Amino acid sequence: QVQLVESGGGLVQAGGSLRLSCAASGFTFSSYTMRWYRQAPGKERELVATITSAGSTNYADSMKGRFTISRDNAKSTVYLQMNSLNAEDTAVYYCNTWVKAPLWGQGTQVTVSS
């Protein structure tokens, strides 16, 4: 079964850190570009970070220097390390890739208290 399962969300104080994980299954993970998106209440889903199969990364401007995307192909897992969190980072975070069609996980809630 082709699926993505996120974990690692939770409640954190402003200035704190969290590491999200996304475990993939059912496809050749190492061959695919992986992305993290987020959706805050009342807002559109936005792209947070991208990592290609070769390991090249890209970030939304507001996340540069605070967030780090990485992958472990042996574990078929992509990570998002988030540091210096603030209230504006509160959102549901989703893992994404394209396997013949868009593939999304169920999301993991991140809440940053100020």
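Structure: see above.
Now for a look at the structure at hand. Since the model is a prediction, treat every value here as computed from it, not as a measurement.

**Some words on the overall build of the chain**
When its secondary structure is counted, the chain shows zero helices and 11 strands. Reading the helices (α) and strands (β) of the chain from amino to carboxyl end gives β-β-β-β-β-β-β-β-β-β-β. Here the chain has a C-alpha radius of gyration of 13 Å; the compact-globule value for 114 residues is 13 Å, and the two agree. Here the C-alpha coordinates of the chain stretch approximately 40 × 25 × 20 Å along the principal axes. Per-residue burial over the chain gives 42% buried out of 114 residues. In the chain, once contacts between residues fewer than 6 apart in sequence are set aside, the share between residues at least 24 apart is 53%.

**Thoughts on the pairing of strand β8 (residues 77–82)**
The buried count for β8 comes to five of six residues, which makes it a mostly enclosed element. Here strand β3 (residues 18–25) runs beside β8; their pairing, made up of six bridges, is antiparallel. Bridge pairing links Leu-20 to Leu-80 in β8. In the sheet, strand β7 (residues 67–72) pairs with β8 via six bridges, with the strands oriented antiparallel. Of the residues in β8, the one forming a bridge with Ser-70 is Tyr-79. From the end of β7 to the start of β8, which pair antiparallel, there are four residues, and Ser-76 there has a positive phi angle of about 50 degrees.

**Structural notes on the side chain of Asn-96**
Positionally, Asn-96 belongs in strand β9 (residues 91–98). Under the relative-accessibility criterion, Asn-96 is labelled buried at 2%. At a separation of 3.3 Å, a polar atom in the side chain of Asn-96 contacts the main-chain carbonyl oxygen of Leu-103. Excluding residues within four positions of it along the chain, Asn-96 makes contact with Leu-4, Thr-33, Met-34, Arg-35, Tyr-37, Leu-103 and Trp-104.

**Some thoughts on the sheet that holds β3**
Reading across from one edge, β1-β3-β8-β7 is the order of the four strands in this open sheet, with antiparallel pairing throughout. The open sheet has two free edges, formed respectively by β1 (3–7) and β7, since each of these has just one partner strand. Sheet twist, expressed as the mean angle between neighbouring strand axes with direction ignored, is 15 degrees.

**Quick notes on the state of the cysteines**
Scanning the model with the defined rule gives one disulfide in all. Bridging Cys-22 to Cys-95, the disulfide has an S-S length of 2.2 Å. Measuring the twist about the S-S bond at about -85 degrees, one finds the Cys-22-Cys-95 disulfide to be left-handed. In this pair, Cys-22 sits in strand β3 while Cys-95 sits in strand β9, placing the two residues 73 residues apart along the sequence. For Cys-22, a relative accessible area of 0% puts it in the buried group.

Cut-off values and rules
- Residues numbered from 1 in each chain as written.
- Predicted model: local features only at pLDDT ≥ 70, side-chain atom pairs only at ≥ 80, totals over all residues.
- Heavy atoms only, no water.
- Helix = DSSP H or I, 4+ residues; strand = E, 2+ residues; numbered from the N terminus.
- Rg over C-alpha atoms; globule rule 2.2 N^0.38 Å.
- Buried < 20%, exposed > 50% of the residue type's maximum accessible area, 1.4 Å probe, protein only.
- Contact = heavy atoms within 4.5 Å.
- Pairing = 2+ DSSP bridges.
- Polar contact = N/O pair within 3.5 Å; in protein donor to acceptor, adjacent residues only side chain to side chain.
- Axes fitted to C-alpha atoms, helices over the stretch in contact; angles between N-to-C directions.
- Disulfide = S-S within 2.5 Å.

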